[in-house]
Every structure is written in C-alpha cells, then in structure tokens.
Amino acid sequence: MSNVTVQYILLRSDLLKEFGWSIGALVAQACHASSAVMHIYKDDEHIIQYLNDLDNMHKVVLEVPNEESLRKVAEKLKENSILHKLWIEQPENIPTCLAIKPYPKDEVKKYVGKFKLYKDTLLKSS
C-alpha cells in the first residue's frame, strides 16, 4: 500500500439513478462535504500537510448505493475514531455524502475499499 495522504468522499448513487438529481447537484454535495471536513478539522496535521501541497492533493470519490449504506459507513468510521463529515443537505434534511478528512491511505482504505469509483455510476447513467 501507499502512504500517500488521500481524502475519500462517499456519494450516494441513488440520488442520481433513482431520484433524478443532476450531476452538478451531486458534485456540489461532494464539494460541501469536503470543504466542511477541512474546516472542522483545519488544525489537524494531515490537513495542514495536505493543503500545503495543493498541486498534489489526492481525492477519491466512491459510490454508496443509498442512505442506509452511507449511515452505516458513518457509524463504522465513528466507532473507529476516523474523522469525517456526514453532509446533510438542507433544507431537505437529506444525507447525501460523506467526506473523510485527509489521512494516509493505509489508515483508511480498509473502511472504504469495498466501494467502487463513482465514475462507473456516471458512465452507466449517460
């Protein structure tokens, strides 16, 4: 495994496939969650390191099938003290995605390794 620092973002695929959200709306959700987790934990050493090398940031966007799956991942991360932000879109009060703060890949891959890249969902929906 690589010790590169990476930020994982988990985005619900049912919002695109079943609820008809636009790709732009989904991208906005991922941006909200990523920005929020960076702000919440802005003094974290991994975030400081990550932001000091802007041209080499690594983000991986993965798909989760639905709200239940997203909440299960959030709970598992919480149980294992993995810092993250579950983004809940307002005013609808809909959990849309989750951003894990940047961590060395070795520390978090085991929590997200079963999910596939979101690009597969986008290819199937076009």
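Small disclaimer: the values here were computed from a predicted structure and weren't measured.

In this section: the overall build of the protein. Looking only at helices and strands, the protein features 6 helices and 5 strands. Secondary structure of the protein in N-to-C order comes out as β-α-α-α-β-α-β-β-β-α-α. For the protein, the C-alpha radius of gyration of 14 Å lies close to 14 Å, the compact-globule estimate for 126 residues. Projected onto its principal axes, the C-alpha positions of the protein cover 40 × 30 × 30 Å. In the protein, which comprises 126 residues, the proportion classed as buried is 43%. Considering only contacts within the protein whose residues lie at least 6 apart along the sequence, 74% involve residues at least 24 apart.

The topology assignment puts Glu45 in helix H3 (residues 45–51). For Glu45, a relative accessible area of 61% gives the class exposed. Remark: the alpha-carbon pair of Glu45 and Lys116, spanning 71 residues in sequence, is separated by 28 Å.

Next up on the list: helix H2 (residues 23–40). With 18 residues, H2 should reach 26 Å at 1.5 Å per residue; the first-to-last C-alpha distance of 26 Å fits that figure. Looking at H2, one finds that the buried residues are Leu26, Gln29, Ala30, Ala33, Ser34, Ala36, Val37 and Met38. Looking at the buried side of H2, the elements it contacts are strand E1 (5–12), helix H1 (14–17), H3, strand E2 (59–64), strand E3 (84–89) and strand E4 (94–100).

All right, on to the packing of aromatic side chains then. Counting across every chain of the model gives 0 aromatic pairs. The positively charged end of Lys101 is found above the aromatic ring belonging to Tyr103, 3.7 Å away from the centroid.

A word on the pattern of salt bridges. Summed over the entire model, instances satisfying the criterion amount to 6 salt bridges. We note a salt bridge from Asp44 to Lys101, for which the minimum N-O separation is 2.9 Å. One end of the pair, Asp44, is in the loop between H2 and H3; the other, Lys101, is in the loop between E4 and strand E5 (103–104), with 57 residues separating them in the sequence. For the pair shown, Asp44 and Lys101 are each scored as buried. Among the ionic pairs, Arg71 bridges to Glu67, the shortest N-O distance being 2.9 Å. Of this pair, Arg71 and Glu67 both sit in helix H4 (residues 67–79), 4 residues apart, which is roughly one turn of the helix.

The subject of this paragraph is the pairing of E3. Pairing of E3 with E4, which is carried by 6 bridges, proceeds in the antiparallel orientation. Each bridged residue has a counterpart across the sheet, and for Glu89 the counterpart in E4 is Ile94. Where E3 folds back on E4, the antiparallel hairpin that results is connected by 4 residues, among which Asn93 adopts a positive phi of roughly 65 degrees.

Residue Gln90 is joined to Pro91 through a cis peptide bond whose omega torsion reads 10 degrees. Checked against the element boundaries, Pro91 lands in the loop between E3 and E4. Unlike most non-glycine residues, Ser81 shows phi in positive territory, near 55 degrees. Topologically, Ser81 is positioned in the loop between H4 and E3.

Analysis parameters
- Within each chain, residues carry numbers counting from 1 in the order of the written sequence.
- Where totals are concerned, whole chains, interfaces and linings use all residues; where local detail is concerned, this predicted model gives features only for residues with pLDDT of at least 70, and gives and counts side-chain atom pairs only at 80 or more.
- Only hydrogens and water are removed before side-chain values are computed, so all heavy atoms of the structure are retained for them.
- Strands are runs of DSSP state E lasting at least two residues, helices are runs of H or I lasting at least four, and both sets are numbered from the N terminus onward.
- With the radius of gyration taken over C-alpha atoms, the globule rule is written as 2.2 Å times the number of residues to the power 0.38.
- Exposure categories follow from relative accessible area, calculated using a 1.4 Å probe and restricted to protein chains: below 20% of the type maximum is buried, above 50% is exposed, and the middle band is partly exposed.
- The contact criterion used throughout is that any non-hydrogen atoms of two residues lie within 4.5 Å.
- Multiplying one less than the number of residues by 1.5 Å gives the expected span of a helix.
- Note on aromatic pairs: the rings of Phe, Tyr and Trp (six-membered ring only in Trp) are paired at centre separations within 6.5 Å, and the planes decide the class, stacked below 30 degrees, edge-to-face beyond 60, tilted for the rest.
- A ring is considered to have a charge above it if a Lys NZ or an Arg CZ atom is located within 6 Å of its centre and within 35 degrees of its normal.
- Any carboxyl oxygen of Asp or Glu within 4 Å of a side-chain nitrogen of Lys or Arg constitutes a salt bridge here.
- Here a strand pair is declared whenever DSSP counts at least two bridges between the two strands.

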